[in-house]
Amino acid sequence: LKMSWFCFYLPLHLLMAACLCHSIKAPTTSSQQSFKTDLFNFYHSLILADGKETTVHLLKDIPKRYYFVLEEGRALAPFTITVTPCDIPIEWSILVHKASASFLGKAARGDHDTQEVSGSQKAPSMVSTIFNYKGNSVETYMGMSSHSALYMLEFLSTERDTHITVYLTTDTTSGHLYPELPMDPRIDVIGIGHTTVTLTWKHSPSVLQHRENIQYCLLVNEKHNYKSLCAAETAIRSSGMKLPPTLALSRSPYLLEPQQVMILSNSELSIINKASSGEVRQICMGNKNTYTVPNLSPSTQYYFDVFVVNLLTNASAAYTGTFARTLEEPEPKVMELKDGKVIHVVLDGEKQKFYSLKYQARHKKIQFTFQLCHGQARVHITKNGKTVALENISGLRSFSLKGKLLDTYLVQLRSTEESNSSVKVQVSPHFHKPLFSLLPESLKIKSFSKLRTCNSVTIAWLGTQEESKYCVYKKRIEEDQVWMELRSMDRCSGPESRHKSEKVLCKYFYDINLQRAVTTETIKGLDAGTLYLFDVYLFGPSDIPVRYHSKVVKTRKKC
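Residues numbered from 1 in each chain as written. Predicted model: local features only at pLDDT ≥ 70, side-chain atom pairs only at ≥ 80, totals over all residues. Heavy atoms only, no water.

Defined as follows: UniProt positions are given in the numbering used here, feature names are shortened, and annotations may be inferred rather than shown by experiment.
As recorded in an unreviewed UniProt entry, the protein chain goes by Protein NDNF and comes from Mesembrinibis cayennensis. Checking UniProt for the protein chain, the heading Subcellular location (unreviewed entry) contains the comment "Secreted".

A few points about the state of the cysteines
Rule in force here: Note on terminology: disulfide denotes any pair of cysteine sulfur atoms within 2.5 Å. Strands are runs of DSSP state E lasting at least two residues, helices are runs of H or I lasting at least four, and both sets are numbered from the N terminus onward. Partly exposed residues are those whose accessible area sits between 20% and 50% of the maximum for their type, while under 20% is buried and over 50% is exposed, using a 1.4 Å probe and protein chains only.
In this structure the tally under the stated criterion is five disulfides. The partner cysteine of cysteine 217 in its disulfide is cysteine 284, sulfur to sulfur 2.1 Å. Between cysteine 217 and cysteine 284, the S-S torsion sits near 100°, and that sign places the bridge as right-handed. Of this pair, cysteine 217 sits in strand S14 (residues 214–221) while cysteine 284 is found in strand S17 (residues 278–284), placing the two residues 67 residues apart along the sequence. Here cysteine 217 and cysteine 284 have matching classes, each one buried. Across the disulfide, cysteine 471 is cross-linked to cysteine 506 (sulfur-sulfur distance 2.0 Å).

Some points on the side chain of threonine 140
The following threshold applies: By the criterion applied in these results, polar contacts are pairs of N or O atoms within 3.5 Å in which, for protein atoms, one can donate a hydrogen and the other can accept it, and in which residues neighboring in sequence qualify only through two side-chain atoms.
As for its position among the elements, threonine 140 is in strand S9 (residues 139–145). Overall, threonine 140 belongs to the buried group, its relative accessible area being 10%. Looking at threonine 140, its side chain comes within polar contact range of the side chain of threonine 82, at 3.0 Å.

Side note on the pattern of salt bridges
What counts is decided by this rule: Salt bridges are counted wherever a side-chain nitrogen of Lys or Arg sits within 4 Å of a carboxyl oxygen of Asp or Glu.
Scanning the entire structure with this criterion turns up 14 salt bridges. For the salt bridge of aspartate 184 with lysine 202, the shortest nitrogen-to-oxygen distance reads 3.4 Å. Here aspartate 184 is found in the loop between strand S11 (162–169) and strand S12 (187–192), whereas its partner lysine 202 is found in the loop between strand S13 (197–201) and helix H3 (205–209), with 18 residues between them in sequence. According to the relative accessible area criterion, lysine 202 is partly exposed, its value standing at 42%. With a shortest N-O distance of 3.2 Å, arginine 547 and aspartate 535 are connected by a salt bridge.

Looking at the side chain of asparagine 310
Along the chain, asparagine 310 turns up in strand S19 (residues 301–310). Residue classification places asparagine 310 among the buried positions, given a relative accessible area of 11%. At 2.8 Å, the side chain of asparagine 310 and the backbone nitrogen of leucine 312 are in polar contact.

So, the environment of isoleucine 381
Where we set the bar: Residues count as neighbours in contact if any of their non-hydrogen atoms are within 4.5 Å of one another.
Turning to its location among the elements, isoleucine 381 is positioned in strand S26 (residues 377–383). Accessibility expressed as a relative area gives 0% for isoleucine 381, which makes it buried. As a C-alpha pair, isoleucine 381 and valine 411 span 30 residues in sequence and 4.6 Å in three-dimensional space. Excluding its chain neighbours within four sequence positions, the residues that come into contact with isoleucine 381 are Phe368, Phe370, Lys386, Thr387, Val388, Ala389, Phe399, Leu401, Tyr409, Leu410 and Val411.

Examining the packing of aromatic side chains
What counts is decided by this rule: The pairing test for Phe, Tyr and Trp rings, Trp by its six-membered ring, is centres within 6.5 Å, and the orientation test on the planes gives stacked under 30 degrees, edge-to-face over 60, and tilted for anything in between.
Scanning the entire structure with this criterion turns up 21 aromatic pairs. Note on phenylalanine 79 and tyrosine 151: the rings are 5.0 Å apart at their centroids and 50° apart in plane angle, and the pair reads as tilted. Of this pair, phenylalanine 79 sits in strand S4 (residues 77–85) while tyrosine 151 sits in strand S10 (residues 149–156), and the two are 72 residues apart along the sequence. No difference in accessibility class separates phenylalanine 79 from tyrosine 151, as the two residues are buried. Judged by centre distance (6.3 Å) and plane angle (45°), the ring pair of tryptophan 461 and tyrosine 470 falls under tilted. In this structure, tryptophan 461 and tyrosine 470 share a single accessibility class: buried.

Quick notes on the environment of isoleucine 88
By secondary structure assignment, the location of isoleucine 88 is in the loop between S4 and strand S5 (90–98). A residue is classified by how much of its surface remains accessible, and isoleucine 88, at 5% relative accessible area, is buried. Setting aside residues no more than four positions away along its own chain, isoleucine 88 makes contact with Asn136, Ser157, Glu159, Arg160 and Thr162.

Brief notes about the environment of lysine 227
For lysine 227, the location among the structural elements is in the loop between S14 and helix H4 (229–238). Judged by relative accessible area, which is 45%, lysine 227 ranks as partly exposed. Dropping the residues within four chain positions of it, lysine 227 is found in contact with Asn136, Ser137, Val138 and Ala318. A polar contact of 2.9 Å, which involves the side chain of lysine 227, links it to the side chain of asparagine 136.

Below you can see the structure in the form of structure tokens.
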């Protein structure tokens, strides 16, 4: 069967119609009938854009076809096709309808499931399969055609609905859409600790050539490695989490979802996606090719994937993933707790070590009280080896527990930040004098915007059913000092740490009816258009102060 190639000079919307009509005149042997079917499939395919990444959605067991044309004009016409599965293994193949059998092609990366059909021999039919692949790896085919040819790509998913990305280019001189990987794309584990793993990898040639437009991003999870960034994002979404646009664009501002935490420090952007199945961390560290992953759990296996990302095109290439298991946590030193005694514990945030306290109950009902002085901390209480309390604490927190005489309680504390944290701890029987007096339902200070003037502010706070002393302090601060002031303050410190000029007043009050146990105070003599930090200290029978949450209020600029 011979066929005229005049159709390649027609507009694209007429191209397939001309080819199909011409093929109807062919003999009706089985091979020719198969050829007609192939042409019919070409006709009902979609045009694949040249030089642009295309997202293709596949339905289970339904093939999807795209085609592209290589026109005459050069002695040899090179082209490259890269297919990235974003979820499950797929099948895909390249078919060519050519006027000449002179065709050369090769697969850029081989695979056991990859078959390549040589074009150096005469094809029995004008439509032949030159490449096919089955799997979930990123696969690139590089080919070169000596004559005009019509190509078809066919994709099939047999497991479930999925999506892939396809990139075709016939311009091999203008650079690469995808960043290049080094000759050795492995990630090396060079250090393992109880809560850290140190990784290194060889630089991408793209980083060395275009440093300002290329960056490395690391993905950390407890399930498995991912062969592409597309596959990782799909898996995270399927677990119920929503991702930001893309790691490559993660330096641009966007709104985080409630289950996401963003950490920006030392020019590194970390995004922690939290879900019931665990957490997935994404860390972009610029051009650095060595990184120590912090804040891991001891004795846990983690999987690490590094992606080199082009910030201009949003395209990425994946290094060969690796995994490592953190070391087991050594048995911590245990300090004995005694009834009514207050212990001030400083937690090492950098080493993420647990601080352990042991208590043997002499009463059936006991109460643990924690006052967080600085930073953030996590408390874990076990009774005879079984967990009875586990949570992050902020401010003041008490746990009332019931058990038997001589029950053994173990309290473990650790900082949840890289900086140090500190906390005061007390355990006592219920009838013992507690560390803190009766506390109000909330330690928040409220300000009334409508009552603000140029030189006064009105605040309110809750009290208790027990007569107590309350002292109010104020401090003038600048707008750029607010965050640092709130973060660095010692919440366990009392008025003795304040300057005398900051004291506003002290007062006593209480109310048997908790609904009415609230007081207000108008602080006068302030400057217009100025920020002030207000603090209220509560003194109970123990004379140990409880500090309310600081409140920042700005006076009106004009009145």
